[in-house]
Amino acid sequence: MKKKLYFGRVKSRKISIIKESSFKKYLKTKNINRLNSKKKLILEIGIGMGENLIYLSKKNIKKNIIGVDPFKNGMVNVSDYCINNNIQNIYLYPYVFQKFINKFNKLRFDIIYVLFPDPWPKKRHKKRRIINEEFLKTIFAILKKKGKVFFSTDNLDYFMNVKTIIKKFSNIKVKKINKIVTIKTKFYLKAEKKGNKINSLLFSKN
Ligand SMILES: C[S@@+](CC[C@H](N)C(=O)[O-])C[C@H]1O[C@@H](n2cnc3c(N)ncnc32)[C@H](O)[C@@H]1O
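Residues numbered from 1 in each chain as written. Predicted model: local features only at pLDDT ≥ 70, side-chain atom pairs only at ≥ 80, totals over all residues.

K.L.:
Any details on the domain arrangement of the protein? Residues and values, ideally.
P.N.:
Put simply, an interface is often sized by how much accessible area is lost when its parts join up. The domains assigned to the protein are domain 1 (50-96) and domain 2 (108-206). Between domain 1 and domain 2, the C-alpha centre-to-centre distance is 20 Å. (Domains from an automatic or database assignment.)

K.L.:
How would you explain unusual backbone geometry if you had to name every residue and give the values?
P.N.:
Even without being a glycine, N86 presents a positive backbone phi close to 50 degrees. Along the chain, N86 falls in the loop between α3 (72-85) and β3 (90-93). On the basis of neighbour count, N86 is assigned to the exposed category, with 6 C-beta atoms found within 10 Å. A positive phi is found at F116, a non-glycine position, where the angle reads about 50 degrees. Topologically, F116 is positioned in the loop between β4 (109-115) and α5 (133-141). (Helix = DSSP H or I, 4+ residues; strand = E, 2+ residues; numbered from the N terminus. Buried ≥ 20, exposed ≤ 12 C-beta atoms within 10 Å, placed from the backbone.)

K.L.:
If you had to explain the sheet that holds strand β7 (residues 199-205) to someone new, which residues and values would you point to?
P.N.:
Taken together, the seven strands give an open sheet; going across it, the order is β3-β2-β1-β4-β5-β7-β6, and neighbouring strands pair in mixed fashion. Strand pairing shows two members of the sheet lacking a second neighbour, β3 and β6 (172-177), which therefore form its edges. Sheet twist, expressed as the mean angle between neighbouring strand axes with direction ignored, is 15 degrees. (Pairing = 2+ DSSP bridges. Axes fitted to C-alpha atoms, helices over the stretch in contact; angles between N-to-C directions.)

K.L.:
Talk me through the site of the ligand; I want residue IDs and the actual numbers.
P.N.:
Contacts to the ligand come from 23 residues, most closely from G46, G48, F71, T185 and F187. If you tally residues by element for the shell around the ligand, the top one is helix α7 (residues 186-194), at three residues. Three or more residues apiece are contributed to the shell around the ligand by two domains, here domain 1 (50-96) and domain 2 (108-206). (Near = placed C-beta within 6 Å.)

K.L.:
Give a detailed account of the packing of helix α1 (residues 17-29) against α3, specifying residues and quantitative values.
P.N.:
Packing of α1 against α3 leaves a shortest axis separation of 9 Å and a crossing angle of 75 degrees. With respect to their mutual orientation, α1 and α3 come out roughly perpendicular. Judged by residue contacts, K19, E20, S22, F23 and Y26 of α1 engage M75, V76, S79, D80, C82 and I83 from α3. Partitioned by chemical class, the residues of the contact of α1 with α3 number six nonpolar, two polar and three charged. (Parallel < 35°, antiparallel > 145°, perpendicular 65-115°, else oblique. Contact = placed C-beta atoms within 7 Å. Nonpolar A, V, L, I, M, F, W, Y, C, P; charged D, E, K, R; others polar.)

K.L.:
Tell me what's going on with the environment of K168, and back it up with residues and numbers.
P.N.:
Looking at the element boundaries, K168 is found in the loop between α6 (156-166) and β6. Given 10 C-beta atoms within a 10 Å radius, K168 is considered exposed. In sequence terms K168 and M49 are 119 residues apart; their C-alpha atoms lie 33 Å from each other.

K.L.:
Quick one: what's the story with the pairing of β7, residue by residue and with numbers?
P.N.:
In this sheet, β7 lies alongside strand β5 (residues 143-153) in antiparallel orientation, the contact comprising six bridges. Paired with F151 across the strands is L201, a residue of β7. Bridge analysis of β6 against β7 gives six bridges, and the strand direction is antiparallel. Directly across from I177, in β7, lies its bridge partner S200.

Right under this line is the structure:
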């Protein structure tokens, strides 16, 4: 039996036929297979509504940025923004990260963001969390030397768990970040509204 890799919603609000069709066109024109490999590359896993991806695209106009997430409303939100604002450096992959990595295992990244991954707070659901030892092995394998990974969460148990797992990686330096690592995403704002403490880590590869 195939292992289930995604437990969230693929769609929330209805997406108009026009937006859906321009999203499909966007995916064809911004094909990840045709990326300029000489440019620096940033990856965001779990983009949500894509606020960080859009922010990064403007801050790093000479770099290419790939967003991976099966959540279609977020993907369409980003493609729509890129089309209307002539943003050229965002590439989208609307499926799970595990599928992305099977397909594009040759790509190497300068920076990777994993912001507020689904926390799955119930004990019986913890196995669903995207960050585990295998996931970290995978992202460190596709991270360039001196590359960086940013991770934020407002779930203390998830944070402590990642801090424990990361000790197994001797070539990775870990730093606790006490300020915001990028802009305030939807889930950053949600955490802030609830009064939750946000914990962030920076992993760098020696
Ligand atoms: C809690 S949201 C956080 C979204 C965004 N990073 C933010 O800070 O607002 C987690 C996101 O991870 C995505 N996600 C869950 N499992 C995933 C997977 N296996 N691969 C890629 N994205 C995934 C979900 O669809 C969702 O959009």
